[in-house]
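The lines below spell out each chain.
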Amino acid sequence: MIKFSNLLDSLLLNSSKKKKIKILSDYFNSQTQKNKIWALSILSNSFASQLIKVRDIKELIKEKIDEEMFLYSYDYVGDLAETVSLLWPRNQIKKLHSYSLSSFMNDLKKQKSKDDLIIFIENFFNSSSPDEIYTIIKILLGGLRVGVSNELLKESLSKIGIRTKEEIEENWYGFSFPYYGFFEWLDGEDLPEKFNNKNLFHSFMLSNPFDENLVNKINIEDYRCEYKWDGIRAQITISSSGKIYSRNGEDISNSFPELKIKSNKVSVLDGELVVKKGNIIFSFNELQKRIGRKKVSRKTLSELPVHFICYDILFYNDLDIRKLSFEKRRNFLSKYIQELNHPNISISSLINFNSWNDLRSIREKSQNNHIEGIMLKNKNSIYKRGRPTFCWYKWKRDPFLEDLIIMYAQRGHGKRSSFYSDFTFGCWVDNKFKSLVPIGKAYSGFTNDELKKLDKWVRDNTLERFGPVRSVKPGLVVEIAFDNLNFSNRHKSGVALRFPRFNRIRWDKPIEEVCLLDDIKKLIN
């Protein structure tokens, strides 16, 4: 456990990507097979205990120290794992053990009830260093926050065997805990028997943001144009099992049963999930009502039918066509959609244009709430994971901008755990300027220097405290940028903003100049 704790410390303290890759590859090279398996599971967020929750850890520490001391310390530190590791009574610590990561995790798995698990954790804490206690809590609750993505893991794993990052990427989603044959495959052995890399999730090809400077760098005749739909990127695998995957490779098939399609041959489609009834595409807010459901009622299927707007195809009846050009893949896609003849699947139409001015006009006129802008795709581009240059571009509409008032602030996480960095903002209910209503939250768009100033302002203007949240005196105006907005029954204001973020802080602007709720609602198309 000490070595894994040291690994997390090193990753947290180093922001350099190259250093993180070196730290990870050195760790994997130095560990036993069992330790490597558990480390990969934890670092890729594949492990989380279902038995224990945040409140259980809080109750455990409250039994050891004064509750008020814990609450003050937690408020100051901001991170539960760090707080508990610092406060756990040192006089309770017995002789330090020499548990390996795999030994600890195997013993952890043996605990079948919450009571057994809490006893096990308490005993372990009593013989552990603060670093180990911190690590154990992070493992139990998830959310390591050490700046390690799956991409970083793949790159580090490519340094410890003979497989390239591209090979690892291709087969990544075919392995899961306990990763049978994975590390052997990295060292040169064959893939495990019955390994089917067609029936897996395949990492998406992504787009780069469009910049006006590109007008002079790319040939407009090489590009095709589509609308950028405001839905959820998804991948449909039509096979003997029939799967639907999110952009992160999560199996979301149960949420969208009308799109589970089975076939003896494997075909893989790339596109956007939207809610569509008749010829009307509903707002993203309606689509959110379908997300995360393990079982969908007949009523929901009828009221919120999901439609898949397909814009690419990776496999066509067992044939891998990712190496073909976009234009040739479109021909296969058009043919396959006709063959499939599914009422909930259609092809994304290409938009005719002749000049950059045509494209600018199309982009700005795409004001429907289910369209974010346009996509430009190179007709010669192969389907390549990641963000290859000069291939796909997203040219989104300019964001909406509104001045709003900070109402609440919450402590952040990780490096921001000591700062109030998550803000709830609102507008006036009416022109009496007496009542505010919250309409959104934002935690990005400001610099580190601005964060320090915001944090000080929150502390100086606090009205009430609600755990990690503070309500503040109405007095600070911020200009919020957001991509879209829709009516919402789930929000007190009746409005939901899409991807709100700080655009600038209006330190000197009077709060009376902030807009009314009706002004916000008038922006909805």
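Scroll up for the structure.
The model shown is predicted, which means the values in this text are computed figures rather than measured ones. (Residues numbered from 1 in each chain as written. Predicted model: local features only at pLDDT ≥ 70, side-chain atom pairs only at ≥ 80, totals over all residues. Heavy atoms only, no water.)

Topic: the overall build of the protein
A count of helical and extended segments in the protein gives 18 helices and 20 strands. The C-alpha atoms of the protein give a radius of gyration of 26 Å, which matches the 24 Å a tight globule of 525 residues would have. Projecting the C-alpha coordinates of the protein onto the three principal axes gives extents of approximately 75 × 70 × 50 Å. Looking at the 525 residues of the protein, the share that counts as buried comes to 51%. Of the contacts formed within the protein by residues at least 6 apart in sequence, a portion of 70% connects residues at least 24 apart. (Helix = DSSP H or I, 4+ residues; strand = E, 2+ residues; numbered from the N terminus. Rg over C-alpha atoms; globule rule 2.2 N^0.38 Å. Buried < 20%, exposed > 50% of the residue type's maximum accessible area, 1.4 Å probe, protein only. Contact = heavy atoms within 4.5 Å.)

Concerning the state of the cysteines
A full pass over the atoms with the stated rule returns zero disulfides. C515 supplies the cysteine sulfur nearest to C427, a cysteine that is in no disulfide, at a spacing of 5.1 Å. The exposure class assigned to C427 is buried, which follows from its relative accessible area of 0%. Among the residues examined, C515 registers a relative accessible area of 11% and is labelled buried. (Disulfide = S-S within 2.5 Å.)

Digging into helix 16 (residues 356-365)
When helix 16 is considered as a whole, its buried residues turn out to be W356, L359, I362 and R363. Take helix 16 and look down its axis: the buried residues cluster within an arc of 120°, on one side only. Of the residues in helix 16, the exposed ones pointing more than 90 degrees away from the buried face are N357 and K365. Looking at the buried residues of helix 16, the elements they touch are strand 2 (223-229), strand 10 (371-378) and strand 11 (392-396). (Arc of directions from axis to C-beta.)

Describing the pattern of salt bridges
Under the criterion given, the structure shown has 36 salt bridges. K110 is the salt-bridge partner of D107, the closest N and O atoms lying 3.4 Å from each other. Take D107: its relative accessible area is 19%, and that puts it in the buried class. Accessibility expressed as a relative area gives 56% for K110, which makes it exposed. Note that E170 and R322 form a salt bridge whose closest N and O atoms lie 2.9 Å from each other. With E170 in helix 11 (residues 165-171) and R322 in the loop between strand 8 (319-320) and helix 15 (326-340), this residue pair connects regions lying 152 residues apart in the sequence. In this structure E170 comes out as buried when scored by relative accessible area, which is 18%. (Salt bridge = Lys/Arg side-chain N within 4 Å of Asp/Glu carboxyl O.)

A word on the pairing of strand 10
The element strand 10 is largely enclosed, with a buried count of eight among its eight residues. Sheet analysis places strand 2 next to strand 10, joined by seven bridges and oriented antiparallel. When the bridges of strand 10 are listed, R224 appears paired with K377. Pairing analysis gives five bridges linking strand 10 to strand 11, with the strands arranged antiparallel. Its bridge partner lying in strand 11, G373 is registered against K396. (Pairing = 2+ DSSP bridges.)

Observations concerning the pairing of strand 13 (residues 420-428)
Judged by how many residues are buried, strand 13 sits mostly within the fold: eight of nine residues are covered. With six bridges connecting them, strand 12 (residues 400-411) and strand 13 associate as antiparallel partners. From the neighbouring strand, Q410 faces strand 13, where its bridge partner is D422. As paired strands, strand 13 and strand 14 (residues 436-442) are joined by six bridges and run antiparallel to one another. Counterpart to F425 in the pairing with strand 14 is G440.

Concerning the packing of aromatic side chains
Using the criterion set out here, one finds 36 aromatic pairs in the structure. Their ring planes at 40° and their centres at 6.2 Å tell us that F28 and F183 sit as a pair that is tilted. Placement of the pair is F28 in helix 2 (residues 17-30) and F183 in helix 12 (residues 182-186), with a sequence separation of 155 residues. Here F28 falls in the buried class, since its relative accessible area comes to 0%. When its relative accessible area of 3% is taken as the criterion, F183 is described as buried. Here the aromatic rings of W88 and F125 are separated by 5.1 Å at their centres, their planes lie at 85°, and the arrangement is edge-to-face. Here W88, found in the loop between helix 6 (80-87) and helix 7 (101-109), pairs with F125, found in helix 8 (residues 114-125); they are 37 residues apart in sequence, far enough to count as distant. We note that W88, like F125, is buried. Directly above the ring of W392 sits K377, whose terminal nitrogen or CZ lies 4.2 Å from the centroid. (Phe/Tyr/Trp six-rings, centres within 6.5 Å; stacked < 30°, edge-to-face > 60°. Lys NZ or Arg CZ within 6 Å of the ring centre and 35° of its normal.)

Some points on the packing of helix 8 against helix 9 (residues 130-141)
Two elements in contact, helix 8 and helix 9, have axes whose closest approach is 10 Å; the angle formed by their N-to-C orientations is 155°. In terms of orientation, helix 8 lies roughly antiparallel with respect to helix 9. Where helix 8 crosses over helix 9, the handedness of that crossing is right-handed. Residue-level contacts link I121, F124 and F125 of helix 8 to I133, I136, I137 and L140 of helix 9. Residue classes in the contact of helix 8 with helix 9 are distributed as seven nonpolar, no polar and no charged. (Axes fitted to C-alpha atoms, helices over the stretch in contact; angles between N-to-C directions. Parallel < 35°, antiparallel > 145°, perpendicular 65-115°, else oblique. Left-handed = near helix turned anticlockwise from the far one by under 90°. Nonpolar A, V, L, I, M, F, W, Y, C, P; charged D, E, K, R; others polar.)

Description of helix 10 (residues 150-157)
Helical geometry: 3.6 residues make up each α-helical turn, so side chains three or four residues apart lie on a common side. If you check which residues of helix 10 are buried, you get L152, L153, K154, S156 and L157. For helix 10, the elements touching its buried residues are helix 2, helix 3 (33-43), helix 11 and helix 12.

Digging into the sheet that holds strand 10
On the basis of which strands lie adjacent, the open sheet formed by four strands has the order 1-11-10-2 and mixed pairing. Each end of this open sheet is capped by a strand with a single partner; those strands are strand 1 (208-209) and strand 2.

Here we look at the environment of I133
Along the chain, I133 falls in helix 9. For the pair I133 and D115, spaced 18 residues apart in the sequence, the C-alpha separation amounts to 19 Å. In this structure I133 touches V84, S85, W88, R90, F125 and S128, once residues within four positions along its chain are discounted.

Just distances and angles here, no functional claims.
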